[in-house]
Amino acid sequence: MPHPDYLQFISLVKEFKALGAAGAVLSWDQETYMPAKGAEIRADQLAVISGLAHEKLVSPQIGDLLIRLEKAPGLSQVEQVNIREIRRIFNRERKIPKELIQDFAKTQSLAHEAWASARTNNDFGTFAPWLEKLVNMRKKMAVLIGGNDPYDVLMDEFEPSARAADIQPIFEALRKELVPLVAKIAASSKKPSPLSGHYPVEKQRDFGIEVANAMGFDFDAGRLDLSAHPFCTSFGPNDVRITTRYNEKNFASALFGIMHEAGHGLYEQALETQHACTPLAEPVSMGIHESQSRLWENMIGRSRPFWNHFYPKLQANFPETLNQVPLETFFRSINIVRPSLIRVEADEVTYNLHILLRFELEHALFSGKASVNDLPELWNRKMEEYLGIRPKNDSEGVLQDIHWSMGSFGYFPTYALGNLYAAQFFAAAKREMPDLDQKIREGDLRPLREWLRDKIHRHGMTWHASELCQRATGETLNAQYFSTYLKSKFEELYEI
Ligand code: MG
């Protein structure tokens, strides 16, 4: 029988989590179906909800219960995890006044709308004051929470315990491997050409749903909708929403978006329903989350074994465009490496350079080495330095991502961490299941999904990322797996 204090504690935690989920529903709606004029009232609604959630979390009741439970003997592991994690966010949130939280939520919504129209009109100037406001609010929050590097305080929200000082050398080493690899590929005589043709939206959607089903995404516990920027959000393990966008000239944009978001969705759906609305049934970090999406999108979705089974099905959806295209030509076309301006459409080799750029700009912003108005020029200069190309305008440069418009600073590094974790997990899964490639060739994605569920998903927040990785693979994060994966794949493809 659980401790009576624990029962009271967990029912308060569930009320707090319910408010968070209600806010997530409103945000999902804002991105998918809300008419443009709804923005202002939606901002007010989200501000009220986030204020209530904050009050609920930092209430004296939860504070007292935490103190009592931390001294209580004989708690189960489940109970200890939930107490530990609520303590962690309680300590963060109680240092920030409710007014600042509400003000921030409202600014987030309005800044997001300002960003969307600035991006459409290619006008950084109209977004800059909003970005400035968000940066200042985040700086204020970081100071209130405390810590040596304000950027570490921000990252902690997405990647508990991550530090810029630890990440910087990993990213540096990565850059030293990537820049020459990009150069060697550019110099290769192999020049695969992109696919052309027409891909009707309905067929793209059908095929995307077929693949998501094969991955194990449960459409009785999830939905696929349309949004400007693909994302996955969860209101609980039995209600997980993913989105994509369609381009009739290029099926890859929507399909790999769906595989990516369904990879996130599988993680959310596999969290244990018996612990729903408690930290135990929450993803451990955004880096681990992203490892799931990138593993499915790239290591599966852009692999030969996967297309061995799925290419005939894709051809059946687009016979006029693809029936004359051999599998090998198709495979090379979805693995073209070419420096490009837009992160979400970048190939596997150049992708992390986009992240390094963002990480460096954010870190400069929060350590006072750059201001908001410096960003467009810094962005363009680093693009030239790392990828050899320069955006023609800010819409394809500094305005392209949604993250800063929502005040999510410190999030970007988790994308690169996700790639590194993905390669390490995939290598471990292959070691344990020598016939894994063969299963994938037959279209059987279940063994991989079950391995991920068993080693990663079902544990929720039981252990933080580093220990989870150690338990799943036998060692903590080791970037060598990613380098080995990239080199073996692309040296073969580009004959270098
Ligand atoms: Mg993602």
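Residues numbered from 1 in each chain as written. Predicted model: local features only at pLDDT ≥ 70, side-chain atom pairs only at ≥ 80, totals over all residues. Heavy atoms only, no water.

## Quick word on the packing of aromatic side chains
Logical step 1: This model, assessed by the stated rule, comprises 22 aromatic pairs.
Logical step 2: A ring pair is formed by Tyr199 and Phe251, whose centres lie 5.4 Å apart and whose planes are at 50 degrees; its orientation type is tilted. One end of the pair, Tyr199, is in the loop between helix H8 (164–187) and helix H9 (201–215); the other, Phe251, is in helix H10 (residues 251–270), with 52 residues separating them in the sequence.
Logical step 3: Their ring planes at 20 degrees and their centres at 6.2 Å tell us that Phe207 and Trp307 sit as a pair that is stacked. Of the two residues, Phe207 is situated in helix H9 and Trp307 in helix H12 (residues 304–317); the sequence distance between them amounts to 100 residues.
Logical step 4: Residue class for Phe207 comes out buried when judged on its relative accessible area of 2%. (Phe/Tyr/Trp six-rings, centres within 6.5 Å; stacked < 30°, edge-to-face > 60°. Helix = DSSP H or I, 4+ residues; strand = E, 2+ residues; numbered from the N terminus. Buried < 20%, exposed > 50% of the residue type's maximum accessible area, 1.4 Å probe, protein only.)

## Re the coordination of the magnesium ion
Logical step 1: Taken together, the protein donors to the magnesium ion comprise His260 (NE2), His264 (NE2) and Glu290 (OE), at separations of 2.2 Å.
Logical step 2: Within one chain, the residues serving as donors to the magnesium ion are arranged as H-x3-H-x25-E. Here His260 and its partner His264 are both found in helix H10, four residues apart, which amounts to about one turn of the helix. Just as His260 is buried, His264 falls in that class too. (Donors = N, O, S within 2.8 Å, 3.2 Å for Na, K, Ca; no water.)

## A closer look at helix H6 (residues 124–145)
Logical step 1: The first and last C-alpha atoms of H6 sit 30 Å apart over 22 residues, in line with the 32 Å expected at 1.5 Å per residue.
Logical step 2: All buried positions along H6 are accounted for by Phe124, Phe127, Ala128, Leu131, Leu134, Val135, Met137, Arg138, Met141, Ala142 and Ile145.
Logical step 3: Against helix H4 (77–93), helix H5 (98–121), helix H7 (150–156), helix H15 (351–366) and helix H16 (375–387) lie the buried residues of H6.
Logical step 4: Taken from the residues just after H6, Gly146 is the one with a positive phi, measuring 95 degrees. (Expected span 1.5 Å × (residues − 1). Contact = heavy atoms within 4.5 Å.)

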